[in-house]
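# Analysis of the macromolecular model
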Amino acid sequence: GQQLNQSPQSMFIQEGEDVSMNCTSSSIFNTWLWYKQDPGEGPVLLIALYKAGELTSNGRLTAQFGITRKDSFLNISASIPSDVGIYFCAGQALNNAGNMLTFGGGTRLMVKP
Amino acid sequence: EPEVTQTPSHQVTQMGQEVILRCVPISNHLYFYWYRQILGQKVEFLVSFYNNEISEKSEIFDDQFSVERPDGSNFTLKIRSTKLEDSAMYFCASSAGAGGANEQFFGPGTRLTVL
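Let me begin by describing the structure that accompanies this report. All residue numbers refer to positions counted from 1 along the written sequence of the respective chain. Starting at A for chains and at 1 for ligands, labels are handed out in the order in which the entities are written. Residues qualify for local features only when their pLDDT is at least 70, as the model is predicted, and side-chain atom pairs are given and counted only at 80 or more; totals for whole chains, interfaces and linings, by contrast, use all residues. Neither water nor hydrogens contribute to the side-chain values; these are computed over all heavy atoms in the structure.

## Some details on the sheet that holds strand S7 (residues 65-68) of chain B
Residue and element names in this part refer to chain B. Condition: Criterion used throughout: strands pair if DSSP finds at least two bridges between them. Note on conventions: DSSP H or I runs of at least 4 residues are helices, E runs of at least 2 residues are strands, and numbering of each starts at the N terminus. To get an axis, fit a line to the C-alpha atoms, keeping to the stretch in contact for a helix; angles then go from 0 to 180 degrees between the N-to-C directions.
Across the sheet, 4 strands lie side by side as S1-S3-S8-S7; this open sheet has antiparallel pairing. Strand pairing shows two members of the sheet lacking a second neighbour, strand S1 (5-7) and S7, which therefore form its edges. Across this sheet, the average inter-strand angle for adjacent strands is 20°, counted without regard to direction. Taken together, the 3 bridges between S1 and strand S3 (residues 19-24) define a ladder with antiparallel strand orientation. Pairing of Gln-6 across the sheet is with Cys-23, part of S3.

Structural data, given as structure tokens:
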């Protein structure tokens, strides 16, 4: 099946620092999504990307859809304590009849005030 | 802002028992999904549902699992005879349409514990 490799697995940073995480795949995806999950809650959509090369921002978050359609990154600028959580990338392939999302393994972000 | 809701938030059951997890998708959405997340692991797709039938299902979604849209608002996941390894968070999601520009929005999840 399709696999998404997400890195890093975890990050421990100082408040105010910038953060970058990425996902790569051996398969092509036509949609990339980035979600954040707080403990005991469901994933919350942060950014959606639909075109190769697309760069989209949402406040301090910026994400890009790789030109090859096999990768995406998420940047968080000037991190704050409430950025703590697990960030997941998710991809949707063109041939998925049922819109299945394939998730990465997640990046656990910890922010030190 | 409309959101996906799920009940119960936590379900404890004995191995071999049947459980039904309930979801109310966002009201104008047409596509519905179930995912699961075993503790500490990534989110895994189970099934997608559109126009009163399953569109796609994963290997996890075996004949012990079934889904139903019993009325105009609810979407349920039934596990006929639970196993220990069914213990996980189960997330319902919905989207307005399919393909590009149709994001999936997730509910808060039901934590299923099988003893």
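Now, onward.
## Here's the deal with the pattern of salt bridges
Oppositely charged side chains are able to pair whenever their charged atoms sit close together. Operational definition: Each reported salt bridge corresponds to a side-chain nitrogen of Lys or Arg within 4 Å of a carboxyl oxygen of Asp or Glu. Relative accessible area decides the class of each residue, using a 1.4 Å probe on protein chains only: under 20% of the type maximum gives buried, over 50% gives exposed, and in between gives partly exposed.
As enumerated under the stated definition, the model contains 3 salt bridges over all chains in all. In this structure, the salt-bridge partner of Arg-60 of chain A is Asp-83 of chain A, at a minimum N-O distance of 2.8 Å. Of this pair, Arg-60 of chain A sits in the loop between strand S6 (55-58) and strand S7 (61-65) while Asp-83 of chain A sits in the loop between strand S8 (71-76) and strand S9 (85-92); the two residues are 23 residues apart in sequence, bridging distant segments of the chain. With a relative accessible area of 27%, Arg-60 of chain A lands in the partly exposed category. Across the pair Arg-36 of chain B and Glu-44 of chain B runs a salt bridge whose closest N-O atoms are separated by 3.2 Å. Residue classification places Arg-36 of chain B among the buried positions, given a relative accessible area of 11%. Residue classification places Glu-44 of chain B among the partly exposed positions, given a relative accessible area of 22%.

## Observations regarding unusual backbone geometry
Geometrically, the link from Ser-7 of chain A to Pro-8 of chain A is a cis peptide bond, its omega value of -5° lying close to zero. Looking at where Pro-8 of chain A falls in the secondary structure, it is placed in the loop between strand S1 (4-7) and strand S2 (10-14). The residue after Thr-7 of chain B, namely Pro-8 of chain B, is reached through a cis peptide bond having omega -10°. Along the polypeptide, Pro-8 of chain B turns up in the loop between S1 and strand S2 (10-13). Residue Ala-78 of chain A is not a glycine yet carries a positive backbone phi of 45°. Among the structural elements, Ala-78 of chain A can be located in the loop between S8 and S9. Judged by its relative accessible area of 37%, Ala-78 of chain A falls in the partly exposed class. Despite not being glycine, Asn-51 of chain B shows a phi value in the positive range, around 55°.

## Structural notes on the sheet that holds S7 of chain A
In any sheet, the strands associate via hydrogen bonds between backbone groups, in a parallel or an antiparallel arrangement. Residue and element names in this part refer to chain A. On the basis of which strands lie adjacent, the open sheet formed by 5 strands has the order S1-S3-S8-S7-S6 and antiparallel pairing. Strand pairing shows two members of the sheet lacking a second neighbour, S1 and S6, which therefore form its edges. Ignoring strand direction, the axes of neighbouring strands in this sheet form an average angle of 15°. In terms of strand pairing, S6 meets S7 through 4 bridges, oriented antiparallel. Paired with Asn-58 across the strands is Leu-61, a residue of S7.

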